[in-house]
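Observations on the three-dimensional arrangement
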Amino acid sequence: MKNVRVSLSADREDLYEPLMRGACTVTQVEAAYRLVFQVEELWAWLLRHGYVELVPGKDFDHLEVDLAAAAADDHEIGAPGFREERPELSESARAVLVLATSLAGKTAARLRDLLYELDGTAMRLVVEAMMYAGGFMDGAADVWGNEEPGDVRGLGPNSRANEDRWDM
């Protein structure tokens, strides 16, 4: 297992496993966390403003992201007049934050309302996040998510990856 102990000031690549460990077993939350991590501008903003929390554990640390608070605060940051004076996030990163928050079940947002705010890279990442949430990370509609048919572990698609994050 990688990253048994971690610090928020660690290299970016060292934060991925503890981040995914924090969302483990809820594929929609995993997808949301993975999405905000992949948008570098948004990830840096979340870290800078304290929305990523380091949660120490007995054997290893994990990270949690307060997406609902981040989206609420970004909404206030985006109040009329504020954005022009102090741009915090690009329109695309802001749309990704709203969509990730919705994907994690913290708010309700529709992709079609934010579609035109996403740049090409963000659009690809949002689509991948939706596929990830459904367990289709290989790009194929595999209801077992690359697991053995009839797998009884109960974690659904990506269950092996989930188990690997927690095995010591």
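Conventions adopted
Residues numbered from 1 in each chain as written. Predicted model: local features only at pLDDT ≥ 70, side-chain atom pairs only at ≥ 80, totals over all residues. Heavy atoms only, no water. Helix = DSSP H or I, 4+ residues; strand = E, 2+ residues; numbered from the N terminus. Contact = heavy atoms within 4.5 Å. Areas by Shrake-Rupley, 256 points an atom, 1.4 Å probe, with all protein chains shown as cover. Pairing = 2+ DSSP bridges. Phe/Tyr/Trp six-rings, centres within 6.5 Å; stacked < 30°, edge-to-face > 60°. Buried < 20%, exposed > 50% of the residue type's maximum accessible area, 1.4 Å probe, protein only. Core = buried A, V, L, I, M, F, W, Y, C linked by side-chain atoms within 4.5 Å. Axes fitted to C-alpha atoms, helices over the stretch in contact; angles between N-to-C directions. Parallel < 35°, antiparallel > 145°, perpendicular 65-115°, else oblique. Nonpolar A, V, L, I, M, F, W, Y, C, P; charged D, E, K, R; others polar. Arc of directions from axis to C-beta.

1. Description of the overall build of the chain
Within the chain, the secondary structure is distributed over 9 helices and 2 strands. The contacts in the chain between residues at least 6 apart in sequence include a share of 54% that link residues at least 24 apart. Of the roughly 9000 Å² of accessible surface on the chain, a fraction of 53% belongs to carbon and sulfur atoms.

2. Points about the pairing of strand β2 (residues 62-65)
As paired elements, strand β1 (residues 52-55) and β2 share 4 bridges and run antiparallel to each other. Along β2, the bridge assignment pairs Leu54 with Leu63. In this structure, the hairpin formed by β1 and β2 is closed by a connection of 6 residues.

3. Points about the packing of aromatic side chains
The full count for this structure, using the stated rule, is 3 aromatic pairs. Ring geometry for Tyr16 and Phe37: centres 5.4 Å apart, planes at 50°, overall tilted. In this pair, Tyr16 is assigned in helix α1 (residues 16-23) and Phe37 in helix α2 (residues 27-38), connecting sequence segments 21 residues apart. Residues Trp45 and Tyr51 carry aromatic rings whose centres are separated by 5.4 Å and whose planes lie at 25° to one another, so their mutual orientation is stacked. Residue classification places Trp45 among the buried positions, given a relative accessible area of 0%. Accessibility expressed as a relative area gives 9% for Tyr51, which makes it buried. Of the aromatic side chains, those joined through ring pairs into one cluster are Tyr16, Phe37 and Trp43.

4. Notes on the nonpolar core
Counting 40 residues, the largest nonpolar core has Leu42, Trp43 and Leu46 as its most contacted members. Sorting the residues of this core by element identifies α1, α2, α3 (40-48), β2, α4 (67-77), α6 (91-103) and α8 (120-133) as the ones contributing at least two each. The biggest single contributor to this core is α2, with 7 residues. Residues in contact with Leu42, not counting those within four places in the same chain, are Val36, Leu89, Ala93, Val96 and Leu97.

5. Quick notes on the packing of α2 against α3
For any two helices packed against each other, the geometry comes down to the angle between their axes and how far apart the axes lie. At their nearest, the axes of α2 and α3 sit 5 Å apart, and the two run at 100° to each other. Judged on the interaxial angle alone, α3 and α2 are roughly perpendicular. Where α2 approaches α3, its residues Val36, Phe37 and Gln38 are matched on the opposing element by Glu40, Leu42, Trp43 and Leu46. A per-class count over the contact of α2 with α3 returns 5 nonpolar, 1 polar and 1 charged.

6. A few points about α1
Because the α-helix completes a turn every 3.6 residues, residues three or four places apart line up on one side. The element α1 is largely enclosed, with a buried count of 6 among its 8 residues. For α1, the set of buried residues is Glu17, Pro18, Leu19, Met20, Arg21 and Ala23.

7. A closer look at α3
Taken as a whole, α3 has its buried residues at Leu42, Trp43, Trp45 and Leu46. The buried residues of α3 all sit within an arc of 160° when viewed along its axis, so they share a single face. Turned more than 90 degrees away from the buried face of α3 sit Glu40 and Arg48, all of them exposed. A positive backbone phi angle near 80° is found at Gly50, which sits one or two residues after α3.

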